[in-house]
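Analysis of the macromolecular model
In case you want the letters, here they are:
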Amino acid sequence: MTLFEKIASREIPAEILGEGADWIAFRDIAPQAPVHFLVVPKHCIPRINEAETSDNNLLGNLLIAAASTARQEGLAEDGYRIVVNNGPNGGETVPHLHLHVLGGRPMNWPPG
Ligand code: 5GP
């Protein structure tokens, strides 16, 4: 079981912001912005590079969940950033696909 599957099954505690049939959103343990949460599929895809065409509905649901949770967190008006880290150069540390949603401050471009 991955770390995020353990959070989804409540084996490991997290501040859960919402969940649907195939996703869960919870606050990042090491926030990089005033609001920083993760949107994670309950079924583990290791990273976006391993996603398949049959995952298209799930991937859409993750984006919709990210936006609805961002609205719930009050980020809609000022905006926010969604990030997916893939592999070593992408900065991935947990091999279970997740969308980072960051807001509450302006984001820089290009990212580090
Ligand atoms: P990645 O670096 O793989 O893109 O993102 C993994 C994220 O998971 C990091 O931002 C990290 O802070 C977060 N994280 C790691 N362990 C835990 C945990 O036990 N609980 C929560 N809520 N977040 C975690």
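Our subject is the structure listed above.
For the structure given in this document, a descriptive report is provided here. The shown structure was predicted, so the numbers you read here are calculated from the model rather than taken from an experiment.

**What to know about the overall build of the chain**
Regarding its fold elements, the chain presents three helices and five strands. Ordering the α and β elements of the chain from the N terminus gives α-β-β-β-α-β-α-β. Dimensions of the chain, computed from the C-alpha atoms along their principal axes, are close to 35 × 30 × 25 Å. Relative to its 112 residues, the chain shows a buried fraction of 37%. Here the analysis covers contacts within the chain between residues at least 6 apart in sequence; of these, 53% occur between residues at least 24 apart. Carbon together with sulfur atoms contributes 53% to the accessible area of the chain, which is approximately 6,600 Å² in total. With 8 positive and 13 negative side-chain charges, the chain shows a separation of 3 Å between the mean positions of the two kinds.

**Some thoughts on the site of the ligand**
What surrounds the ligand is a group of 16 residues, the closest being Arg27, Asp28, Asn85, Thr93 and His100. A distance of 2.9 Å separates a nitrogen atom of the ligand from a polar atom in the backbone of arginine 27. Between the ligand and aspartate 28 there is a distance of 2.5 Å, counted from an oxygen atom to a side-chain nitrogen or oxygen. Of the pockets mapped on this structure, the ligand occupies the largest pocket. Residue assignment for the shell around the ligand shows that the elements contributing at least two residues are helix 1 (3–8) and strand 2 (23–27). Element by element, the count of residues in the shell around the ligand is highest for helix 1, at three residues. Class assignment of the residues belonging to the shell around the ligand gives a composition of eight nonpolar, five polar and three charged.

Cut-offs and rules
- The numbers attached to residues start from 1 for each chain and follow its sequence in the written order.
- Per-residue local features of the predicted model are confined to residues with pLDDT of at least 70, and side-chain atom pairs are confined, for both listing and counting, to 80 or more; whole-chain, interface and lining totals are unaffected and use all residues.
- To obtain the side-chain values, all non-hydrogen atoms of the structure were included, while hydrogens and water were left out.
- Secondary structure elements are defined from DSSP: runs of H or I of at least 4 residues count as helices, runs of E of at least 2 residues count as strands, and each element is numbered from the N terminus.
- Buried residues are those whose accessible area, probed at 1.4 Å on protein chains only, stays under 20% of the maximum for their type, while exposed residues exceed 50% and partly exposed ones sit between those limits.
- By the convention used here, residues are in contact when the closest approach between their heavy atoms is within 4.5 Å.
- All accessibility values rest on the Shrake-Rupley procedure with a 1.4 Å probe; residue burial counts only the protein chains present in the view.
- Within this scheme the basic residues Lys and Arg register as positive and the acidic residues Asp and Glu register as negative, but His and the chain ends are omitted.
- Here the site of a charge means atom NZ of a Lys, CZ of an Arg, CG of an Asp or CD of a Glu.
- Note on definitions. A residue lies near a molecule or strand when any single heavy atom of the residue is within 4 Å of it.
- What qualifies as a polar contact is a pair of N or O atoms within 3.5 Å, subject to a donor-acceptor requirement within protein and to the restriction that residues adjacent in sequence count only when both atoms come from side chains.
- Two kinds of site are reported from a 1 Å grid over the protein atoms alone, namely cavities, where a 1.4 Å probe fits but cannot get out, and pockets, open sets with protein on both sides within 12 Å along at least five of seven lines, and residues are called lining when an atom falls within 4 Å of a point.
- A pocket or cavity is taken to hold a molecule when more than half of that molecule's atoms are within 2 Å of the pocket's grid points.
- Polarity classes work like this: nonpolar for Ala, Val, Leu, Ile, Met, Phe, Trp, Tyr, Cys and Pro, charged for Asp, Glu, Lys and Arg, and polar for all others, with Gly in that last group.

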